[in-house]
Protein chains: 2
Amino acid sequence: MTTLDAAPVIDTTRSPHARLHPVALGRVHLTDTFLEPRRRINRDATLLSQYRHLEDTHTLRNFRRVTDGSGEPFVGYVFNDTDVYKWLEAAAWTLTEDHDPALEDMIAEATGLIESAQDENGYLDTYYTAGREDQRWSNLKDNHELYCAGHFIQAAVAHHRTTGSEQLLNVARRLADYIGSVFGPASQGKCELTDGHEEIEMALVELYRETGEKNYLELAQFLIEVRGRGVLGADESHQTFNSTYYQDHTPVREMNRVVGHAVRMMYLMAGVTDLYLENGDQGLLSAAQRIWTQMTTRQMYISGGLGARYEGEAFGDDYELPNARAYTETCAAIGSVMWNARLMAATGEAKYADLLEHTLYNAVLPGWSQDGEEYFYQNPLADEGNHRRKAWFGCACCPPNVARLMASLPGYVYSTAKNEVWVNLYVDSEASLSVSGQDVKLTQRTEYPWDGKVELTVGTAAHFTLKLRIPAWAEGASLSVNGEQSPAPEPGTYASLERDWQAGDTLTLNLPMPVRRVRSHPRVLENVGRVALLRGPLLYTLEEVDHPGTALDDLVLLPAAELSVQSAPNLLGGVVVLEGQARRSPQADSDLYGPDANEAPTASGSGSVKLRAVPYYAWANREPGQMRVWIRER
Amino acid sequence: MTTLDAAPVIDTTRSPHARLHPVALGRVHLTDTFLEPRRRINRDATLLSQYRHLEDTHTLRNFRRVTDGSGEPFVGYVFNDTDVYKWLEAAAWTLTEDHDPALEDMIAEATGLIESAQDENGYLDTYYTAGREDQRWSNLKDNHELYCAGHFIQAAVAHHRTTGSEQLLNVARRLADYIGSVFGPASQGKCELTDGHEEIEMALVELYRETGEKNYLELAQFLIEVRGRGVLGADESHQTFNSTYYQDHTPVREMNRVVGHAVRMMYLMAGVTDLYLENGDQGLLSAAQRIWTQMTTRQMYISGGLGARYEGEAFGDDYELPNARAYTETCAAIGSVMWNARLMAATGEAKYADLLEHTLYNAVLPGWSQDGEEYFYQNPLADEGNHRRKAWFGCACCPPNVARLMASLPGYVYSTAKNEVWVNLYVDSEASLSVSGQDVKLTQRTEYPWDGKVELTVGTAAHFTLKLRIPAWAEGASLSVNGEQSPAPEPGTYASLERDWQAGDTLTLNLPMPVRRVRSHPRVLENVGRVALLRGPLLYTLEEVDHPGTALDDLVLLPAAELSVQSAPNLLGGVVVLEGQARRSPQADSDLYGPDANEAPTASGSGSVKLRAVPYYAWANREPGQMRVWIRER
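Residues numbered from 1 in each chain as written. Chains lettered and ligands numbered in written order. Predicted model: local features only at pLDDT ≥ 70, side-chain atom pairs only at ≥ 80, totals over all residues. Heavy atoms only, no water.

1. Observations concerning the overall build of chain A
Here is step 1: For chain A, the helix and strand inventory stands at 13 helices and 23 strands.
Here is step 2: For 634 residues, the compact-globule formula gives about 26 Å, and the C-alpha radius of gyration of chain A, at 25 Å, lands near that figure.
Here is step 3: Expressed as lengths along the three principal axes of its C-alpha atoms, the size of chain A is roughly 75 × 65 × 45 Å.
Here is step 4: A total of 634 residues make up chain A; the buried ones form 65% of that total.
Here is step 5: Restricting to contacts in chain A with at least 6 residues of sequence separation, those with at least 24 account for 67%.
Here is step 6: Roughly 21,000 Å² of accessible area belongs to chain A as shown, and the carbon and sulfur atoms make up 47% of that amount.
Here is step 7: Charged side chains of chain A number 57 positive and 86 negative; the gap between the two group centres comes to 4 Å. (Helix = DSSP H or I, 4+ residues; strand = E, 2+ residues; numbered from the N terminus. Rg over C-alpha atoms; globule rule 2.2 N^0.38 Å. Buried < 20%, exposed > 50% of the residue type's maximum accessible area, 1.4 Å probe, protein only. Contact = heavy atoms within 4.5 Å. Areas by Shrake-Rupley, 256 points an atom, 1.4 Å probe, with all protein chains shown as cover. Lys, Arg positive; Asp, Glu negative; His and termini not counted. Charge placed at Lys NZ, Arg CZ, Asp CG, Glu CD.)

2. Comments concerning the sheet that holds strand E1 (residues 21-22) of chain B
Residues and elements named next belong to chain B.
Here is step 1: Ordered in space as E1-E4-E5-E9-E12, the five strands form an open sheet in which the pairing is mixed. Each edge of the open sheet carries a strand with a single partner, namely E1 and strand E12 (493-501).
Here is step 2: Of the pairings in the sheet, the one linking strand E4 (residues 414-417) to strand E5 (residues 420-423) comprises four bridges and is antiparallel in character. When the bridges of E5 are listed, Ser415 appears paired with Trp422.
Here is step 3: Helix-sheet contacts for helix H12 (residues 350-364) involve strand E9 (462-470) and E12, and the interaxial angle to E9 is about 60 degrees. (Pairing = 2+ DSSP bridges. Axes fitted to C-alpha atoms, helices over the stretch in contact; angles between N-to-C directions.)

3. Brief notes about the interface of chain B and chain A
Here is step 1: Listed by partner, the interface residues are 50 residues for chain B and 50 residues for chain A.
Here is step 2: Summed over both partners, the interface of chain B with chain A comes to about 4,000 Å²; 47% of that surface belongs to carbon and sulfur atoms.
Here is step 3: Here chain B and chain A share six salt bridges between them.
Here is step 4: Between Arg523 of chain A and Glu384 of chain B there is a salt bridge; the shortest N-O distance is 3.5 Å.
Here is step 5: Applying the counting criterion to the chain B and chain A interface returns 10 residue pairs in polar contact (both at pLDDT 80 or more).
Here is step 6: When contributions to the side of chain B that touches chain A are tallied by element, the ones reaching two or more residues are helix H10 (282-299), strand E14 (515-520) and strand E20 (593-594) of chain B.
Here is step 7: Partitioning the side of chain B that touches chain A into residue classes produces 18 nonpolar, 13 polar and 19 charged.
Here is step 8: Here strand E20 (residues 593-594) of chain A runs beside E14 of chain B; their pairing, made up of two bridges, is antiparallel. Paired with Gly594 of chain A across the bridge in E14 of chain B is Arg519 of chain B. (Buried area = accessible area lost by both parts, 1.4 Å probe. Salt bridge = Lys/Arg side-chain N within 4 Å of Asp/Glu carboxyl O. Polar contact = N/O pair within 3.5 Å; in protein donor to acceptor, adjacent residues only side chain to side chain. Nonpolar A, V, L, I, M, F, W, Y, C, P; charged D, E, K, R; others polar.)

4. With respect to the confidence of the model for chain A
Here is step 1: Averaged over every residue, the pLDDT of chain A is 95; residues scoring 70 or more account for 97%.
Here is step 2: The ipTM value of the predicted complex is 0.90, and its pTM value is 0.94. (pLDDT = per-residue confidence, 0-100.)

5. Quick look at the environment of Gln239 of chain B
Here is step 1: Here Gln239 of chain B shows up in the loop between helix H8 (214-225) and helix H9 (262-279).
Here is step 2: Considered as a pair, Gln239 of chain B and His53 of chain B are 186 residues apart in the sequence and their alpha carbons are 35 Å apart.
Here is step 3: Residues contacting Gln239 of chain B, with those up to four places away along its chain left out, are Tyr310, Tyr327 and Gln378 of chain A.

6. Structural notes on the pattern of salt bridges
Residues and elements named next belong to chain A.
Here is step 1: With the rule as written, the count across this model stands at 89 salt bridges over all chains.
Here is step 2: Where Asp546 meets Arg622, a salt bridge forms, and the shortest distance between an N and an O atom there is 2.7 Å. Of this pair, Asp546 sits in the loop between strand E16 (538-543) and strand E17 (555-556) while Arg622 is found in the loop between strand E21 (607-615) and strand E22 (627-628), placing the two residues 76 residues apart along the sequence. Comparing Asp546 with Arg622, the two get one shared label, buried.
Here is step 3: Connected through shared salt-bridge partners, Arg161, Glu206, Arg209, Glu210, Asp274, Glu278 and Arg342 make up one network.

7. A short note on the environment of Asn401 of chain B
Residue and element names in this part refer to chain B.
Here is step 1: Positionally, Asn401 belongs in helix H13 (residues 398-408).
Here is step 2: Residue Asn401 is classed as buried on the basis of its relative accessible area of 0%.
Here is step 3: With 71 residues separating them in the primary sequence, Asn401 and Thr330 have C-alpha atoms 8.4 Å apart.
Here is step 4: Setting aside chain neighbours within four positions, we find Asn401 in contact with Lys86, Tyr267, Cys331 and Ile334.

8. Quick word on the state of the cysteines
Each disulfide consists of a covalent bond between the sulfur atoms of two cysteine residues.
Here is step 1: Summed over the entire model, instances satisfying the criterion amount to zero disulfides over all chains.
Here is step 2: The thiol of Cys398 of chain B is unpaired, and the distance to the nearest cysteine sulfur, on Cys331 of chain B, comes to 3.5 Å. (Disulfide = S-S within 2.5 Å.)

9. Quick notes on the relation of the copies chain B and chain A
Here is step 1: For the pair chain B and chain A, the best superposition has an RMSD of 0.0 Å and corresponds to a rotation of 180 degrees with a translation of 0.0 Å parallel to the axis. Overall, the copies show the geometry of a two-fold rotation axis. (Least-squares fit on C-alpha atoms with pLDDT ≥ 70 in both.)

10. With respect to unusual backbone geometry
Here is step 1: For the peptide bond that leads from Tyr448 of chain A to Pro449 of chain A, omega is 5 degrees, which places it in the cis range.
Here is step 2: Looking at where Pro449 of chain A falls in the secondary structure, it is placed in the loop between strand E7 (438-446) and strand E8 (453-458).

11. Some words on the pairing of strand E15 (residues 530-535) of chain B
All names here are of chain B.
Here is step 1: Most of E15 sits out of view: six of its six residues are buried.
Here is step 2: Side-chain alternation along E15 places Arg530, Ala532 and Leu534 on one buried face and Val531, Leu533 and Arg535 on a second face that is also buried.
Here is step 3: Sheet topology places E14 next to E15; four bridges connect them, and they run antiparallel. Residue pairing in the sheet places Arg516 in a bridge with Leu534 of E15.
Here is step 4: Relative to strand E23 (residues 631-632), E15 runs antiparallel, the two being bridged by two bridges. Along E23, the bridge assignment pairs Val531 with Ile631.
Here is step 5: Bridge count between E15 and strand E16 (residues 538-543): two bridges; the pairing is antiparallel.

12. Quick look at the side chain of Ser415 of chain A
Residue and element names in this part refer to chain A.
Here is step 1: As for its placement among the helices and strands, Ser415 is situated in strand E4 (residues 414-417).
Here is step 2: Its relative accessible area of 6% is what places Ser415 among the buried residues.
Here is step 3: Polar side-chain contacts of Ser415 include one of 2.9 Å to the side chain of Asn424.
Here is step 4: Leave out the neighbours within four places in its chain, and Ser415 touches Leu20, His21, Val23, Met344, Glu420, Val421, Trp422 and Asn424.

13. Observations concerning helix H6 (residues 167-182) of chain B
Residue and element names in this part refer to chain B.
Here is step 1: The first and last C-alpha atoms of H6 sit 23 Å apart over 16 residues, in line with the 22 Å expected at 1.5 Å per residue.
Here is step 2: Within H6, the full set of buried residues consists of Leu168, Leu169, Val171, Ala172, Leu175, Ala176, Tyr178, Ile179, Gly180 and Val182.
Here is step 3: Among the structural elements, helix H3 (81-94), helix H4 (101-117), helix H5 (145-163), helix H7 (200-211) and H8 are those in contact with the buried residues of H6. (Expected span 1.5 Å × (residues − 1).)

14. Digging into the sheet that holds strand E6 (residues 429-435) of chain A
Here is step 1: The antiparallel open sheet is built from seven strands, whose spatial order is E2-E6-E7-E8-E13-E10-E11 (chain A). Only two strands of the sheet have a single neighbouring strand rather than two, namely strand E2 (28-30) and strand E11 (484-485) of chain A.

15. Quick word on helix H8 (residues 214-225) of chain A
Here is step 1: Given a rise of 1.5 Å per residue, 12 residues ought to cover 16 Å, and the 16 Å separating the end C-alpha atoms of H8 of chain A matches this to within 8%.
Here is step 2: Those residues of H8 of chain A that are buried lie in contact with helix H5 (145-163), helix H6 (167-182), helix H7 (200-211) and helix H9 (262-279) of chain A.

16. Re the packing of helix H1 (residues 35-56) of chain B against H3 of chain B
Residue and element names in this part refer to chain B.
Here is step 1: Between H1 and H3, the least distance of the axes is 11 Å, while the angle of their chain directions is 155 degrees. Between H1 and H3, the angle falls in the class roughly antiparallel. H1 and H3 meet at a crossing whose hand is left-handed. When H1 is examined against H3, the residues Arg43, Leu47, Gln50, Tyr51 and Leu54 are found in contact with a partner set consisting of Asp83, Val84, Trp87, Ala90, Ala91 and Thr94.
Here is step 2: A per-class count over the contact of H1 with H3 returns seven nonpolar, two polar and two charged. (Parallel < 35°, antiparallel > 145°, perpendicular 65-115°, else oblique. Left-handed = near helix turned anticlockwise from the far one by under 90°.)

17. Some remarks on the packing of aromatic side chains
The geometry of two aromatic rings is summed up by the distance between their centres and the angle between their planes.
Here is step 1: For the structure shown, the criterion picks out 53 aromatic pairs over all chains.
Here is step 2: Ring centres 6.4 Å apart and planes at 50 degrees place the aromatic pair Trp450 of chain A and Tyr617 of chain A in the tilted group. On the criterion of sequence distance, the pair formed by Trp450 of chain A in the loop between E7 and E8 and Tyr617 of chain A in the loop between E21 and E22 is long-range, its members being 167 residues apart.
Here is step 3: Overall, the relative accessible area of 3% leaves Tyr617 of chain A in the buried class.
Here is step 4: With centroids separated by 5.2 Å and ring planes inclined at 75 degrees, the aromatic side chains of Tyr123 of chain B and Trp137 of chain B adopt a geometry described as edge-to-face. Pair noted here: Tyr123 of chain B is in the loop between H4 and H5 and Trp137 of chain B is in the loop between H4 and H5, with a separation of 14 residues, a long-range link. Both residues of the pair, Tyr123 of chain B and Trp137 of chain B, count as buried.
Here is step 5: Taken together, the aromatic side chains of Phe34, Tyr361, Trp450 and Tyr617 of chain A make up a single cluster linked through ring pairs.
Here is step 6: Above the ring of Tyr310 of chain A, the side-chain terminus of Arg325 of chain A is found at 3.9 Å from the ring centroid. (Phe/Tyr/Trp six-rings, centres within 6.5 Å; stacked < 30°, edge-to-face > 60°. Lys NZ or Arg CZ within 6 Å of the ring centre and 35° of its normal.)

18. Topic: the environment of Val614 of chain B
Residues and elements named next belong to chain B.
Here is step 1: Tracing the chain through its elements places Val614 in strand E21 (residues 607-615).
Here is step 2: Linking Val614 and Leu578, residues 36 residues apart in sequence, is a C-alpha distance of 6.8 Å.
Here is step 3: When neighbours within four sequence positions are excluded, Val614 is seen to be in contact with Leu539, Tyr540, Thr541, Glu543, Asp546, Leu571, Leu572, Val577 and Arg622.

As structure tokens, this is what we get:
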């Protein structure tokens, strides 16, 4: 086994309560025309340009100043170190691919800077080092020291897994050891404090998995269990930054809904699920599943995007899902992918893999431009043409978060369990798996996400159960092995095929992809009388550039109107579009308020207009203009 | 003429470009059962409890610490001095009423504290005095020094007008003189800087009116004209606190919409209109009128409330008017009243008086509890029962703002012009006016806002034109003099009656008050398929307490359903309610998203339910529960 083979993204290999175990990154090679080209852009354009931004924004110099005696001030937000860490994690996962000396040089530089910025006692945070030592841990609520530590630990674990080098892992151990000497139960004479921005919990569980050091798991558990005493944001007079914002209003095992800052909430839940995977505490899993159900039935955009409010980058009330003012931070979607991956590992339930996929395609990918060098922080579902991706942000959390997810993507495609191979994502690929001691080669051929036909060829004779995710949307899915029809699989489950597989056995899965018209719960007020279009795993949207001269709110897609599915290989890097006839039904140019304001549209200008919907992930890559996910039906 | 008679609220008496001139506070006595009892509560409960809050929150001690050598730190927000100033202005206007030794003692104490907190050079701001002198004017964008000065000047003007005392006016003159020595055109060797929170502009115009000192008018003009260079919030990376937030993105005479922080915008426009009233600069008036039209046709809630966004307490995009998440700060509504009063004075157009009245009843009064001791900061148009008034706030701008408006209210009821008496507001009252040298007594008898019949009796023989505001909603209004019918007046104008009035002449105005059903422009997405109810000047709403066991979103008020108008003297201090039959049409308890999610309601549980709407100003004065202004029609 080479080192590269030993790089699972979330290492539940020995987690006693994991239903699924990971497949190492280096054992899965994507060969498709959708995700893999994006991963190539991630490696060739995104990582390089991000490293330049880390220099241009002084984020790397914040590390240099610790040791170079320049006396330069720290620049940027207190949590800017994490831009380096997330970039480094992305770069580390990327090392499982081709040899790339330029990238390795950048990694070596960043690694060296981090190592030399660590204090003798293990402390690491360039905001507080070289000048603010006396203020360390003085503002755990706002100043993100443990959040920074968490992102560093994740990078160090990735670096160790993909390179085998102990260099950063040792830095991470020293840091975690030091944190563990400071924070813990008061009964042990430690600081029983609550952290302001969750992240370190899942990082510590991964560090435990990587090192076997139980203290790290216990520290993760302490940091999770200490929450819920209302310590953070206790000043009730602040309407946004209260204890709910910090998920400190109630103990996690008593929570029943997502609350507060969306990214914090996702990272917390990922950490909670990670902790369950190790200790089997059913109270944690029940809470996670209960909260997940509340989120998906009350607080989630149709894109999978999370966080309705700009104020506090936070979840809103039930059904509060404004479209143009959706906050839907790209990082929150990435956090959701991370949480769903852990719930999938914990339970093997298809709904978590469904949401992981849906969120990846419709809430993460929109946050990233097609050239890989611009990003959305917010991902609205309606726009007038003003919301455009940017090369970087003052708070640049999203860009390197996209990079680390894209770099680690092959790790989510397959899982294994005892005598089982699980296919979680459909993507043209080749995999070399280890199932209960048997080496199994698997080839997946598909045009997914554009077409629902998937051919899986087993390359090695072996006895195992193949578990295939049948997405909840795949009504009428069918399955055959070597041309022989199997029983119809049930959408929303994993189909099981146990047999003595022979080399060359081919399984054909058909996931029908008709256009789906989806409506909202009536309490999602902005969507009343509107419909959204989906096909397969993709959400669609309207853009003004495809409807010149027509305001998108004047288009009415009658329920009976037929929609055709058209391949458009030259559009937006190659997409499938949905086309049909819409009624042009101009909205009355009425007063803001009046007896008849929102009544029947004016007759003038009505008629028929060709409607074209494009995948939502690709929006805002052409000339600026209106965009609408939700289309009038009346 | 006594001193009390000389207390106009906005003194356009000698303003060369004023169409209307003010009637002094002391010359109008409200005798009605709606506004006057609230003014009594303002005097007897609100002002007293607010003074206690000023003590309890250390806001008065911030003044004491300047001179008492205690070395205590400043407490609270940098602008907390304004809580004292607004309270003092409210108290000063209240002095036009009965002798009130307790109130006079409090005024004397506050006055003395302010006077002794002033620096020798005229500077006044307790945050910067006694310890931070070297930082003065160092952060004009955020630290509100000129905003504080503005509120103080307004209080000093009110104090001078109502007491005749020069004590505070002299403090204000020294302060304004000092500010004028620091800020002004660079060509005069002064700091050509832009202020971060408008307020002082209108205050300086009033100080000019009070003192005749032209420098103050010029300083106001400088502070208005210097805006629009994009100096404030120039950091483009911040999405909210950019130059638009501060109304510094474009010169005011080029603006065509309300933008940014709503209170700042209203105060700026009040100052701009005040400046026009003195210098007749048509570019300023045109801008003000253009912006007013944009605001009222694109950005105003049906309540008159302003500011759609929590983030930045700001105006949103066109038609962005969420109901439950309406920000609609009480102070923004008060700012709108102040601006509309100035536009009314400048033009004599009824639409400004209409909006002044509408905003008072439906956007200011809801911000104040019936007992006068609790307040809303935000005034949503839908709620689940969690939004309740509070006794005070960390940022307590709204409470004393309500108090000063209520205290000054009689000043808005009547205006005069050459040979004209203008009736702007209908309220049972007695007035003693001076019209072109003639003393005119006027008695107004009416049950307004509950009934649209108004009887005006002229108490003195005189020749003048009586101008009566006919609200835009008053279709079918009629008018008679001494029982003799006059031509039907036109809604949305001032009706004119010129004659030799004899003592005892009685004019009867009938403003029909049917229930009005109002709908929104279709781009107000949350209100699609919904209707709001109004009657006379009042907006109505539904509260859960009147519909036990029925979710308010399950109620459908069919367009044909009759609504009756019922007096409810024991409800909410005595109100008129609207009652009718609604269809109980439960919303499907559907998935968040699905093929049929927002389609036809379930049949089960349907039926007929009695609907009762109460005035919106009175909401949240009973047990907590759902509230909805916008009612389903389908």
